[in-house]
Amino acid sequence: MDVPREGAKKKKIIRRAILVTVIVAAIPLITFGLSRLKPAAPSVEGGTLWTDTVKRGPMIRQVRGLGTLVPEDTLLIPAINEGRVQKIVLRPGALVKADTVILVLANPELELAAEDLKWQVKAAEATMRDLEVKLETAKLDLRSAVARVESEFVQAKLKAERDDALGKEGLTPDLTIRLSRAAADEAGKRFDIDKKRLEISGASAEAQTAAQQVNIEKLRAAYVLKKQQVDGLRVVAGFPGVLQQMAVEEGQRVAPGTILAKVVQPTHLKAEIKIPETQAKDITIGQLAQVDTHNGVIQAKVSRIDPAAINGNVTVDLRLEGDLPLGARPDLSVDGTVELERLSDVLYVMRPVFGQPNSVIGLFKVTPDGKEASRVQVRIGRVSVQTVEVLDGLKVGDRVVLSDMAAWDGHDRLRLN
């Protein structure tokens, strides 16, 4: 027979009430505790990350740009006259001297004009010789006339003297004496006039020959010019070097001033590099530089800075000061690095993937045991091609991740495997 127990039901209710109270009280505490827990850090393969250690010491500020080698001495050869390209003697790449013929033009009209001037010169020279003969003949005739008048004058003078002497003796009438004197005076005047005519004839002959000589010189000058133009149809290089470009083809008609070819001196090259305009502000003439031809590095100096920026870049010329490596030629692609300044004692690290000068960036700093990395804010100052100056946020010996960590922007900690 069952015996009822007094108070058992009441105790059971009390235990259930206490248990419920404990559970209800524990739920907020557990929730609060879970909210205080940090989320698990994602894992990253540490071997795939690019890291560097912060150092203190000298730092070289540099800027880099891509460019090409271009000749310092370039000669563009224009067409002096109109013509048709008759023959191309040499092709680009050929070594040339100053008098090397590179192509031949044809211009029959020009050649005919030169030949016509040549014969005009010959005709003018023949006319000159004929004029000289005629003037000399006229001069001789005039001398003969002067001699005849002189003889007549002497005879008239002698006759007048004779008649005068006979008149003193009373053997000749006065009228005869006066006629003899008049004839002598007339002969003397004609002699003086013919002598002056002879003198003037010499000056006239010189003037006529001088005028004809001027005409000859004028024709000769025109012929020399035409001859030079005809000779210019055989186009020469102009100075020793390499024929870099032939701008025309056989059979092509060219006008005066048309560029026919380009000759360069391959041993006198400079580098033209493009520097972003934001980095070119600190570049000055004379700064040291290096040019990498991918087959050797050449020392250089900044020789010119383009005053204008094109497509966000500034063209900088670097004068090469070292020996050219093998394979260096015009239009070869090169890398140029310009040294801006040397900083003696700064805190620096290798340049991260992202980061502008004088800005604050987020970098992951690796823990000493190398198992984790946490994000820190780093203020950087001046930047170079490979390094950046650290102003705040890091100290000597800190190791930071420099790789692109954009995929982990939502995390402040990483676990490195």
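Summarised in this report is the structure supplied together with it. Since this is a predicted model, take the numbers as computed values, not measurements. (Residues numbered from 1 in each chain as written. Predicted model: local features only at pLDDT ≥ 70, side-chain atom pairs only at ≥ 80, totals over all residues. Heavy atoms only, no water.)

### So, the pairing of strand β9 (residues 241-246)
On a regular strand, each side chain points to the face opposite its neighbour's, so the side chains alternate between the two faces of the sheet. Where strand β6 (residues 95-96) and β9 come together, two bridges link them in antiparallel fashion. Each bridged residue has a counterpart across the sheet, and for V96 the counterpart in β9 is G241. Pairing of β9 with strand β11 (residues 259-264) involves four bridges; the strand directions are antiparallel. Each bridged residue has a counterpart across the sheet, and for Q245 the counterpart in β11 is K262. (Pairing = 2+ DSSP bridges. Helix = DSSP H or I, 4+ residues; strand = E, 2+ residues; numbered from the N terminus.)

### Observations concerning the pattern of salt bridges
Should their charged atoms come close, side chains of opposite charge can pair. Applying the stated criterion to the full structure yields 20 salt bridges. The residue E341 makes a salt bridge to R61 at a minimum N-O spacing of 2.7 Å. Linking E341 in strand β16 (residues 333-350) with R61 in strand β3 (residues 55-71), this pair joins segments that are 280 residues apart in sequence. Between E372 and R413 there is a salt bridge, with the nearest N and O atoms lying 3.6 Å from each other. Taken together, the positions of E372 in strand β18 (residues 372-383) and R413 in strand β21 (residues 413-416) put the pair 41 residues apart, joining distant regions of the chain. (Salt bridge = Lys/Arg side-chain N within 4 Å of Asp/Glu carboxyl O.)

### Notes on the packing of helix α2 (residues 108-168) against helix α3 (residues 174-231)
At a minimum axis distance of 8 Å, the contact between α2 and α3 shows a crossing angle of 170°. Comparing the axis directions of α2 and α3 gives the class roughly antiparallel. Per-class residue counts for the contact of α2 with α3 are 28 nonpolar, 13 polar and 19 charged. (Axes fitted to C-alpha atoms, helices over the stretch in contact; angles between N-to-C directions. Parallel < 35°, antiparallel > 145°, perpendicular 65-115°, else oblique. Nonpolar A, V, L, I, M, F, W, Y, C, P; charged D, E, K, R; others polar.)

### Some points on the packing of aromatic side chains
The description of an aromatic ring pair uses the distance of the two centres, along with the angle that the planes make with each other. Scanning the entire structure with this criterion turns up zero aromatic pairs. Between the NZ or CZ atom of K122 and the centre of the ring of W119, over which it lies, the distance is 5.8 Å. (Phe/Tyr/Trp six-rings, centres within 6.5 Å; stacked < 30°, edge-to-face > 60°. Lys NZ or Arg CZ within 6 Å of the ring centre and 35° of its normal.)

### Let's talk about the sheet that holds strand β8 (residues 234-236)
Spatially, β8-β7-β5-β10 is the arrangement adopted by the four strands of the open sheet, whose pairing is antiparallel. The open sheet has two edge strands, β8 and β10 (253-254), and neither has a second partner.

### With respect to unusual backbone geometry
At N311, a position not held by glycine, the phi torsion is positive, near 55°. Positionally, N311 belongs in the loop between β14 (297-310) and β15 (313-320). The exposed category is assigned to N311, whose relative accessible area is 76%. In this structure, D331 takes a positive phi of about 70° despite not being glycine. Looking at the element boundaries, D331 is found in the loop between β15 and β16. Owing to a relative accessible area of 54%, D331 belongs among the exposed residues under this scheme. (Buried < 20%, exposed > 50% of the residue type's maximum accessible area, 1.4 Å probe, protein only.)

### Quick word on a nonpolar patch on the surface
There is a patch of nonpolar side chains on the surface, built from I14, I18 and V22 and spanning about 270 Å² of accessible area. Examined against the element boundaries, I18 turns out to sit in helix α1 (residues 8-36). (Patch = residues over 30% accessible without salt bridge, like charges linked within 9 Å, V, L, I, M, F, W, Y side chains within 5 Å. Areas by Shrake-Rupley, 256 points an atom, 1.4 Å probe, with all protein chains shown as cover.)

### Describing the sheet that holds β6
Taken in spatial order, the four strands line up as β4-β11-β9-β6 in an open sheet, and their pairing is antiparallel. Looking at the sheet topology across the chains shown, the edges are occupied by β4 (74-78) and β6.

### As for the nonpolar core
In terms of nonpolar packing, the biggest core is built from 22 residues, with I102, L103, L105 and L260 touching the most fellow members. The set of elements that each furnish at least two residues to this core consists of β5 (83-88), β7 (101-106), α2, β9 and β11. Beyond its immediate chain neighbours, meaning those up to four positions away, L105 contacts R84, V85, Q86, L233, V235, V254 and L260. Listed in part, the 21 residues of the second largest apolar core include A271, I283, A300 and V316. (Core = buried A, V, L, I, M, F, W, Y, C linked by side-chain atoms within 4.5 Å. Contact = heavy atoms within 4.5 Å.)

Read these as spatial facts, not as claims about activity.
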